[in-house]
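Summary of the model geometry
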Amino acid sequence: MAKKDIDWSNLGFDYLKTDYRYVSNFKDGAWDEGEIVTDNNITMSECACVLQYAQTCFEGLKAYTTEDGRIVCFRPDLNAERMAMTAKRLEMPVFDEKRFVDAVVEVVKANEAWVPPFGSGATLYIRPYMFGINSVIGVKPASEYQFRIFTTPVGPYFKGGAKPIVITVSDFDRAAPHGTGNIKAGLNYAMSLHPIMEAHRNGFAENMYLDAATRTKVEETGGANFIFVTKDGTIVTPKSDSILPSITRRSLMTVAEDILGMKVEHREVYFDEVKDFAECGLCGTAAVISPVGKIVHGDQEIAFPSGMEEMGPTIKKLYDTLTGIQMGKIEGPEGWVKTIM
Ligand SMILES: *Cc1c(COP(=O)(O)O)cnc(C)c1O
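Just so it is clear, the structure is predicted and the values come from calculations on it, not from any experiment.

The immediate surroundings of the ligand are formed by 15 residues, with K184, Y189, S246, T248 and T285 found nearest. Contact between the ligand and K184: an oxygen atom at 2.6 Å from a side-chain N or O atom of the residue. Interatomic distance of 2.6 Å between a side-chain N/O atom of E220 and a nitrogen atom of the ligand. In a pocket analysis with a 2 Å cut-off to the grid points, the ligand is assigned to the largest pocket.

Next up, the structure:
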């Protein structure tokens, strides 16, 4: 199939309307069979539950072209599982996990012409999401829902190399204990808009959030989990019930332990320990790992020994191994890379 005429390597992370999207509706207690449609607009009641009470959740993953010309995606079963968990917490109906993966495959196949070619660094970002669509004015869950998946081509995350970023410890909290921090709900992002704009206005790329109860432990940023490396090469990732379980972070932990033979600790991480780490990175689907060079907390500045020029050596090794697996150059665990076509 002829690819679209797009300058793939200069794409940003913006919405570009592709030809097809997947839609399924939930009504009278059941999901319909779902279909691929062309219309990217949604018509709903002014009183739709999503508009009044933010009953909405989402997922994010990527499809890309491997060197041998296959179109693949990475562990979509985990996105399906996480969305099921999120839906339950928000009193939304679960979209069957197998159907979720089938729908991802179907919508990517339909948009084959929009999947960036190998070597461009660009990918086709896939956005599954679900929301309460019928009118609800008294506070309660909707009774009708829409599940959709759109795709949009996005450019290489690191355009001139992966330069370390400077982040700040936020004065705001991201998630309450026993709250919704561990699910991918839109509401977690609505409340993060002011803190991230404040961080940007102050010259920082991201916010580090601490645990809301004691403000002594590292949680995550607005959209990525932390990964630290100790001076003796141990991988440490923060553990908390209010952190979103990143698929990238979980995959990196497996890569570190089972493939690279590193020691991995998933545990509570006190902010006071951070100054002793050798490397720091943020992990999520978009960047895989983005290196952090410096963390500013009020008057305190923590500059990691890995510096401001490039990724630290251990994080680089993790990055190269996971992206090697994703690109089909390195053999990864069974089932991680799903061939779409
Ligand atoms: C989506 C998300 C991540 C990253 O998860 P991946 O599955 O690795 O993409 C991390 N933190 C938050 C808050 C997120 O919403």
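As a further point, take the domain arrangement of the protein chain. According to the domain assignment, the protein chain contains domain 1 (8–154) and domain 2 (165–326). A separation of 26 Å is found between the C-alpha centroids of domain 1 and domain 2. Contacts between the two partners involve 20 residues from domain 1 and, on the opposite side, 20 residues from domain 2. Where domain 1 abuts domain 2, roughly 1700 Å² becomes buried across the two surfaces, and 64% of that area is made up of carbon and sulfur atoms. It is F58, F74 and R82 in domain 1 that bury the most area against domain 2; as a group they hold 35% of the surface buried on that side. Here domain 1 and domain 2 share zero salt bridges between them. Among the elements that line the side of domain 1 that touches domain 2, the one with the most residues is helix α2 (residues 76–89), at seven residues. Of the residues assigned to the side of domain 1 that touches domain 2, the class counts are nine nonpolar, five polar and six charged.

Summary: where empty space remains is shown by rolling a probe the size of a single water molecule over the atoms. Enumeration according to the criterion identifies one cavity of 30 Å³ or more in this entry. As a volume, the largest cavity reaches approximately 140 Å³. At the level of secondary structure, the elements contributing two or more residues to the lining of the largest cavity comprise β5 (61–65) and α6 (247–259). A per-element tally of the lining of the largest cavity places β5 first, with three residues.

The next thing to look at is the pairing of β5. A large share of β5 lies buried, amounting to five of its five residues. Bridge count for β5 against strand β6 (residues 71–74) is three bridges, and the pairing is antiparallel. Looking at the pairing, Y64 lines up with V72 of β6. A loop of five residues connects β5 with β6, the two strands running antiparallel in sequence, and G69 in this loop sits at a positive phi of about 85°.

What counts and what doesn't
- Residues numbered from 1 in each chain as written.
- Predicted model: local features only at pLDDT ≥ 70, side-chain atom pairs only at ≥ 80, totals over all residues.
- Heavy atoms only, no water.
- Near = heavy atom within 4 Å.
- Polar contact = N/O pair within 3.5 Å; in protein donor to acceptor, adjacent residues only side chain to side chain.
- 1 Å grid on protein atoms, 1.4 Å probe; cavity = no way out; pocket = protein on both sides within 12 Å on 5 of 7 lines; lining within 4 Å.
- Sits in = over half its atoms within 2 Å of the grid points.
- Domains from an automatic or database assignment.
- Contact = heavy atoms within 4.5 Å.
- Buried area = accessible area lost by both parts, 1.4 Å probe.
- Salt bridge = Lys/Arg side-chain N within 4 Å of Asp/Glu carboxyl O.
- Helix = DSSP H or I, 4+ residues; strand = E, 2+ residues; numbered from the N terminus.
- Nonpolar A, V, L, I, M, F, W, Y, C, P; charged D, E, K, R; others polar.
- Points joined across faces, edges and corners; volume = space filled by probe spheres on them.
- Buried < 20%, exposed > 50% of the residue type's maximum accessible area, 1.4 Å probe, protein only.
- Pairing = 2+ DSSP bridges.

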